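# A look at the structure
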Amino acid sequence: MVSSDPQGDVSARPVTLLIGCHILVMRGQWFIDGTWLPLEEEESDLIEQEHLNHFRGQQMQDTFETDLVVQTVDSKDAIHSMKLSRTHVDWHSVEEVYLYSDATTSKIARTVTQKLGFSKASSSGTKLHRGYVEEASPEDRPPQTTHIVFVVHGIGQKMDQGRIIKNTGMLREGVRKMEEKHFAENNEEHVEFLPVEWRSKLALDGDTVDSITPDKVRGLRDLLNSSAMDIMYYNSPLYRDEITKGLTQELNRLYSLFCSRNPEFEERGGKVSIVSHSLGCVITYDIMTGWDPVRFCLQEHHAVEEELDLRWMSYEERHVLDQLRLTRNRLRELENQFLTLEASKPSAPPALKFKVENFFCMGSPLAVFLALRGIRPGTSCHQDHILPTSICSRLFNVFHPTDPVAYRLEPLLLKHYSNVSPVQIHCATNPASYDEIRPTFLNPVKDPTSDTESIPSPSTSPVLLRRHYGESITSLGKASIMGAASIGKGIGGILFSRFSRSNSQPSVSLGLEVANAEEEEQKRTESQSAYGLSTLTRPTSPTADTSLELEQRIDFELREGLVESRYWSAVTSHTGYWVSHDIALFLLTFIYKQKTTPDPAEDTPEPD
């Protein structure tokens, strides 16, 4: 980064940016004619000092006219010369300064051309300019930042420290290209992406895990310790709080630092969004919602107590259980009194110092975490079922169809959306709106009680056929995978059925659950969607209303390449979001949309 200095003040200093890296900001004084590239700093300093010693006080031409006839100068016109290591400089006037190479070939060429009648300057000289071709002005600065986007990494940062900075740089580069191509008219808005590196500052277990790691296949073990171990740390009650506090503090630190350097950001109503990747989506979600696993365990513990009444007990057991229940009821009364007193105090401030406008999840396993925490689909058509809009205005779940880590969120709101196709993200050459896209089914499902080939649609759009993601797999391999998935669903549904938050009644016996689960699997095998790993339906769950539609879509899917190998893509897709121009355009489409889209309430005509 260079800038001209008319006073000749030479300085170069490292500047620490918000992203945590250092770049050298250099002031350039002498530039090469034509290309306007700056000279090397060492040579520029020497020429500048010599120039000031001999020509201080003399004025130079204010502007550089490219259409002026260049005056021919000769070596005898040089009023001052300066010898450098491999070059020398001739001053013919305060404005006519030429740089010459002292290499042997240059000297020979210069001698021959001068004997042919050419001047020294025109034959081998390079004209220099003191100052850039254009002077900087306050209007040249980019527009004030109106929206900042924090980019949160997932697992693996310990293995490759600083990777999130590089990934954010690639994402920022793609965003800038899309801005120039599709949002050039947004001159008064500027979106800045800031990486959030939270892993390196955590102590966690120190080097305990490393000390207990065997030496055999050490490279593979170190790879797992530096990546997948982060998931185990976060699921550990001992280290989970340290991770959430570490990310919270880093987000708040960066926001406070940005506001201190841009005091007008909050005054101008600046907005904040978050882009999270992989496990970072789960951590960010828990920070925003304040999810507490201890409170969840207490709720489930009370549910287990109620299930004790379903089994036979002796008189002594029943008497002890009654005394225990009375004691616990008294304890709950005291807890309620304490909570009432706590509620009268001023409420604790939110964990983050800012409100999140958009939460973009990329390659996110958040859905499976929520499913294992007991979140079940209901009849809500809004994202409030999993993320209240009072916390975050809009939730987006972006994934590649072959990303093995990513899961869908929409079926956790409305169950029949497991058979509704995610919204296809537009190509980088097509900045179209997503408002008019209607839900379409992944597969038409045959109703066993009807001869028709279609099922109730959540919209008036036609049912479209779509290929299975695993269609390229052989029939035998596909059958094996689907069979294993069915077994996993049956077992998973039985094990986690008690965590269901639906209105269904608790199961009475395990045998009844197994029988109903097998019956449910037989029905599901007849009509299996491309996403065949949906949540197992409880036998007593109410029938889903397939006429319901989500108010705003959440799941957005990248397009597969025409010649893309699904096996290779499954390995690379989870880390390929950063370089995708489709993702860059997608982010800008919804970030800029908030100010360009009029309020529907304002366009509604008043009734007569």
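Heads up: these notes are all about the structure in this document. All figures in this text were calculated on a predicted structure; none of them were measured in a lab.

### A word on the packing of aromatic side chains
Enumeration over the complete set of coordinates arrives at 18 aromatic pairs. When the centroid spacing of 4.6 Å and the interplanar angle of 55 degrees are considered together, the rings of phenylalanine 396 and phenylalanine 590 count as tilted. With phenylalanine 396 in strand β13 (residues 392-399) and phenylalanine 590 in helix α17 (residues 581-596), this residue pair connects regions lying 194 residues apart in the sequence. One aromatic cluster is present, built from ring pairs that chain together Phe360, Phe396, Tyr434, Phe556, Phe586 and Phe590. The aromatic ring of tryptophan 291 is capped on one face by arginine 373, whose charged end is 3.7 Å from the ring centroid.

### Description of the sheet that holds β13
With parallel pairing, seven strands are arranged side by side in an open sheet as β10-β9-β11-β12-β13-β15-β14. Both edges of this open sheet fall to β10 (191-196) and β14 (423-424), since each of them pairs with a single strand only. Helix-sheet contacts for helix α4 (residues 163-182) involve β9 (147-152) and β10, and the interaxial angle to β10 is about 170 degrees.

### Concerning the nonpolar core
Counting 55 residues, the largest nonpolar core has Phe150, Phe354, Phe359 and Leu409 as the members making the most contacts within it. With near-sequence residues (within four places) excluded, phenylalanine 359 lies in contact with Ile274, Ser276, Cys281, Thr284, Tyr285, Met288, Leu387, Cys392, Arg394, Leu395 and Phe396. Leu171, Phe183, Met362 and Trp578 belong to the second-largest nonpolar core, a separate cluster that totals 33 residues.

### A closer look at unusual backbone geometry
For residues that are not glycine, phi is negative in most cases, and the peptide bond is trans in most cases. The backbone of tryptophan 36 shows a phi angle near 60 degrees, a positive value even though the residue is not glycine. At leucine 204, a residue that is not glycine, the phi angle is positive and equals roughly 50 degrees. Here leucine 204 is to be found in the loop between β10 and α5 (208-211).

So, how was this worked out
Residues numbered from 1 in each chain as written. Predicted model: local features only at pLDDT ≥ 70, side-chain atom pairs only at ≥ 80, totals over all residues. Heavy atoms only, no water. Phe/Tyr/Trp six-rings, centres within 6.5 Å; stacked < 30°, edge-to-face > 60°. Helix = DSSP H or I, 4+ residues; strand = E, 2+ residues; numbered from the N terminus. Lys NZ or Arg CZ within 6 Å of the ring centre and 35° of its normal. Pairing = 2+ DSSP bridges. Contact = heavy atoms within 4.5 Å. Axes fitted to C-alpha atoms, helices over the stretch in contact; angles between N-to-C directions. Core = buried A, V, L, I, M, F, W, Y, C linked by side-chain atoms within 4.5 Å. Buried < 20%, exposed > 50% of the residue type's maximum accessible area, 1.4 Å probe, protein only.

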